[in-house]
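# Architecture and fold: a report
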Amino acid sequence: MARWCYRHRLVVLLLWVGALVGVGFSASTAGTNYANVFSLPDTDSKTAYDLMEKAFPNTSGDTDTVVWKVDSGSVKDKAVQDRVGAALDRIAKLPGVGAVTSPYAGPRGAAQISKDGTIAYAQLTFTKRANEIPKEQVQKVLDTAQGAKRPGLQVELGGQAIQRVQEPPQGLSEGVGIIAAAVVLFLAFGSFFAMTLPIAIAVFGVGMGLFSTQLLSHTTDIPDIAPLLASLIGLGVGIDYALFIVTRHRRGILRGLDPEESAVTALNTSGRAVLFAGGTVCIALAGMLVTRLRFLDGVVIGTSLTVVLSVLAATTLLPALLGFLGPRVLSRRQRRRLAAEGPEPERASGLAARWSANVEKRPRRIAALAVVVMAVLAIPVLSLRLGATDQGNDDASTTTRKAYDLLAEGFGPGFNGPLQVVSVGGDTAKLVQGLQSAQGVAQVAELPPSQGVTVIQVVPATSPQSKATDDLIDTIRDRVIPKAGAQAHVGGVTAVSKDFASVTGDRLPLFIATIITLGFLLLLVAFRSLVVPLTAALMNLIAAAASFGVLVAVFQWGWGLDLLGLGKEGPINAFLPVIMLSLLFGLSMDYQVFLVSRMHEEWVHTKDNARAVRVGLAETSRVINSAALIMVCVFLAFVLSGDSGAAMAGVGLAAAVALDAFILRTALVPAAMHLLGRSNWWLPAWLDKRLPHLAVEPKEEVPAPGQAAPTGPATAIHGFVRTADGDPVENASVSLMSRSGRQLDRVTSLADGSYIVSVPAPDAYLLAVTSAEYGSKARHVTVTEEPLVYDVELTGDEVDAVS
């Protein structure tokens, strides 16, 4: 497939461009129909919601609030009434506005004015839900209301619809993430063309994914946070998967391979690992379905679809783009050096090689230090409290946060999250009395009944996110309602959030067990080992604990919130653990696959565990760390999204990826594998026979079409390295490489110019000879069952190109 895409690159590119334009046009024409469906079967708040929807069907539109405050005097002053009242009248006539409940009209208006007379509010009921209202209509409401401002009169607005229009422009976080990723890629590759490849793949994958998700929102319930999370994970994996393949391709060219052969080999090795890694991410995301929370079903659809399309782009579009670039995927300096010095021998050098050797020398010390760091970071997770963020967590400069604070100041902290006790039978009067006398209740108001349903609005004395408010809900359900002998249920946004957190917490252990088990089975089949998947499962749990510790410290304790401009501290969103664990599991599996597959490859060739771990870490740590740095940049950019859930997920995932790549995969995993020794690769014989075979990376020595697979005993190539005048060349580097660029043996010529390299089996190989004084030469050679005599002549004045 890779070869076909490489050779038919124009066709592949046009197909992808056509698909992106077509799906994008369809999505823009159809618009969006996202829906936040918190379906919590068998919960008290869901029963209350169903009863209210049946009795009050006309309250389905979004209800927002206009709040105003005077610095002196009263909101009842005629000048204030005239100014604000006129603005409310204009708002009532705007398109999309169903009704305006003013404190200056009707007998119940006095309840909308604070006791000291300095703060009042009006309720705006839109004709549609917040996500269905055009932003232009909401912006007109916002502008009209704030047009009533004057010195001494503050006017602010709150509500879901208002919150949508004050979000940063769509695509801002994605754009910042892409720019940051481009900088990292340029520093890693040193080539503008190579830098653009992963970016292009991510743009195509995420673009197709988001447009497709938008179209699917018309056929199934997809929450409005799904596109944000899909772009967050899509950008990360799209760039990373392309990075792994491009890195392998560049390495192949530097080893002397033709660009087409190098691209085919890269896709047939790293490309297979990408397919496997993408599959693990999708399986991890699908693990969310075991929670049976309908809200997450749409998230699974959007994110999984984006990951699948990103993998498809990396395995089809990328080889086509590699065909357009050819050798220009290397930097100018690398191309000049390749022309001057010939193919490079395969070796890990620099910081990665030194660190790998250091881990081998001191595995106990490094493992202990890594465990201590992760344990310290995990401590805050012990105080994790699930809940829901609201506009009280918005940045202090936003109008929604100011409106929230004004309502709390004028009517009490619980006013922003009233409870709705929905009664369908029993003594309602006794229930009202019981609610009024309950500790922690600030205000109780009974609304007129409808169709046998009575709604009693209860304003807590504490904020919606307070633990005391959660305790009050339990008190009402467990003591007040039974004592009154009423048939009633507690609903409202605060009660829904509490029930959602409880249900999520109850189902979290099953979810964690599911994804850990699936990951264990996948790695067991891939690497034919019991210890490697057990180690990976343990590392996933350690990474999850530490990343949630960081999340609690930042968002629940408030450490660094002001620095990040993320508003006020509060509980962790109840849905976040499930989403974060899915993504973290999938991404950490990616790094585990790329790291251990290289170790496994070396283990298969040498049966030397120390060498396998050392070489695997030295050759993959740089690309894993570059990939992780890109993901961290992409995830942190979602702090700019304006969505608290996406910002929380971005910070949490950035911390998780950084800890996973820089501490676990770079230090703890290799140190543990050094300590475990050969037992890393242990698998009972009876289990080995029963497991299916799944090769993450195939054997690199694949025979050419029509050529028999290499068989037979090991053999050798020997001969002399001489100058054009026949003089022997001493200390010339002679390297034997597979056709994919993997170094098989390397020796130095003796004083008489003689050399001998060992050959694993009869096949075609690349023989590269380099001398600092006489230049380089590379030749493809075919070895039979007999040793091959091959003399090399170095001209000293030019480099002999690889045939």
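Residues numbered from 1 in each chain as written. Predicted model: local features only at pLDDT ≥ 70, side-chain atom pairs only at ≥ 80, totals over all residues. Heavy atoms only, no water.

## Quick word on helix 15 (residues 399-411)
Just so we agree on the cut-off: For helices the rule is a DSSP run of H or I covering at least 4 residues; for strands it is a run of E covering at least 2, with both sets numbered from the N terminus onward. Helix span, expected: 1.5 Å multiplied by one less than the number of residues in the helix. Partly exposed describes any residue whose relative accessible area lies between the buried limit of under 20% and the exposed limit of over 50%, with all areas from a 1.4 Å probe on protein chains only and scaled to the type maximum. Two residues form a contact once any of their heavy atoms are found within 4.5 Å.
Compared with an ideal rise of 1.5 Å per residue, which puts 13 residues at 18 Å, helix 15 spans 18 Å between its outermost C-alpha atoms and is within 8% of the ideal. Every buried residue belonging to helix 15 is among T399, T400, R401, A403, Y404, L406, L407, G410 and F411, and all of these are buried. Where helix 15 is buried, its residues contact strand 1 (63-70), strand 3 (119-126), helix 5 (135-146), strand 4 (153-158) and helix 6 (160-165). Directly after helix 15, the chain includes G412, whose backbone phi takes a positive value near 100°.

## Some thoughts on the sheet that holds strand 3
Definition in use: The criterion for strand pairing is that DSSP finds at least two bridges linking the strands in question. The axes are straight lines fitted to the C-alpha atoms, using for helices just the contacting stretch, and the angles between their N-to-C directions are given from 0 to 180°.
Spatial strand order, 2-3-1-4: 4 strands in an open sheet with antiparallel pairing. A strand with exactly one partner marks an edge of an open sheet, and here the two such strands are strand 2 (97-101) and strand 4. Taken over all neighbouring pairs, the strand axes of this sheet differ in orientation by 20° on average, direction set aside. The sheet strands contacting helix 5 are strand 1, strand 2, strand 3 and strand 4, and the helix crosses strand 4 at an angle near 160°. Here helix 15 sits on the sheet in contact with strand 1, strand 3 and strand 4, set at roughly 110° to strand 4.

## Here we look at the nonpolar core
Proteins that are soluble and globular tend to have nonpolar side chains buried together. Selection criterion: Nonpolar cores were defined as sets of buried Ala, Val, Leu, Ile, Met, Phe, Trp, Tyr and Cys residues, with membership established by side-chain atoms within 4.5 Å.
Counting 151 residues, the largest nonpolar core has M288, Y591 and F635 as the members making the most contacts within it. Setting aside residues no more than four positions away along its own chain, Y591 makes contact with D240, F244, I624, A627, A628, M631, V657, D660, A661 and R665. W68, I113, V141 and V155 belong to the second largest nonpolar core, which has 28 residues in total.

## Topic: the side chain of T454
Within the secondary structure, T454 is located in strand 8 (residues 454-460). Classification of T454 by relative accessible area gives buried; the value is 9%. Excluding anything up to four places from it in sequence, T454 contacts V421, V422, S423, T428, E446, L447 and P449.

## A short note on the pattern of salt bridges
Just so we agree on the cut-off: Salt bridge, as used here, is a side-chain nitrogen of Lys or Arg placed within 4 Å of a carboxyl oxygen of Asp or Glu.
Under the defined criterion, the tally for this structure stands at 17 salt bridges. E261 is paired through a salt bridge with R3; the nearest N and O atoms lie 3.0 Å apart. With E261 in helix 10 (residues 259-286) and R3 in helix 1 (residues 2-7), this pair connects stretches of sequence that are 258 residues apart. A relative accessible area of 34% places E261 in the partly exposed class.

## Structural notes on the environment of G252
Mapped onto the elements of the fold, G252 is located in helix 9 (residues 226-254). On the accessibility criterion, G252 (3% relative accessible area) is buried. Spatially, the C-alpha atom of G252 lies 7.7 Å from that of A266, the residues being 14 residues apart in sequence.

## Points about a nonpolar patch on the surface
Here is the rule: The patches described consist of residues with a relative accessible area above 30% and no salt bridge, like charges being joined within 9 Å and nonpolar side chains (Val, Leu, Ile, Met, Phe, Trp, Tyr) within 5 Å. Each accessible area value is a Shrake-Rupley result obtained with a 1.4 Å probe; residue values ignore everything except the protein chains displayed when judging cover.
A cluster of nonpolar side chains, namely I179, V183, F186, L187, F192 and F193, defines an oily patch on the protein surface of about 630 Å² accessible area. Sorting the residues of the nonpolar patch by element identifies helix 7 (172-189) and helix 8 (192-216) as the ones contributing at least two each. On the secondary structure map, V183 appears in helix 7.

## Here's the deal with the sheet that holds strand 6 (residues 419-425)
An order of 7-8-6-9 is seen for the 4 strands of this open sheet, with the pairing classed as antiparallel. Edge strands, defined here as strands with exactly one partner in the open sheet, are strand 7 (441-446) and strand 9 (487-491). Shown here is a sheet whose adjacent strand axes are inclined to one another by a mean of 20°, direction ignored. Bridging between strand 6 and strand 9 involves 5 bridges; their strand directions are antiparallel. Paired with S423 across the strands is A488, a residue of strand 9. Relative to the sheet, helix 3 (residues 44-55) contacts strand 6, strand 8 and strand 9, its axis offset from that of strand 9 by approximately 100°.

## Things to note about the confidence of the model for the protein
For residues with low pLDDT, the predicted coordinates do not support detailed interpretation. Counted only if it meets this: One confidence number per residue, pLDDT, is output by the predictor and ranges from 0 to 100.
Mean pLDDT over the protein stands at 83; residues scoring 70 or higher make up 91%. When mean pLDDT is compared element by element in the protein, helix 14 (residues 363-378) scores highest at 94, while helix 20 (residues 561-564) scores lowest at 73. Confidence drops under pLDDT 50 across residues 797-803; counting only partners more than four residues distant or on other chains, this segment forms 19 contacts.

## Observations concerning the pairing of strand 12 (residues 733-737)
Of all 5 residues in strand 12, 5 are buried; the element is thus mostly enclosed. Burial along strand 12 is two-sided: S733, S735 and M737 and V734 and L736, pointing in opposite directions, are all buried. In this sheet, strand 13 (residues 743-748) lies alongside strand 12 in antiparallel orientation, the contact comprising 5 bridges. Bridge pairing links M737 to Q743 in strand 13. As judged from the 5 bridges shared by strand 12 and strand 15 (residues 763-771), these two strands associate in the antiparallel manner. Pairing of M737 across the sheet is with L766, part of strand 15.

## What to know about unusual backbone geometry
With a phi close to 50°, Q451 is a non-glycine residue in the positive phi region. The topology assignment puts Q451 in the loop between strand 7 and strand 8. At R528, a position not held by glycine, the phi torsion is positive, near 50°. For R528, the position within the fold is in the loop between helix 18 (493-527) and helix 19 (531-556).

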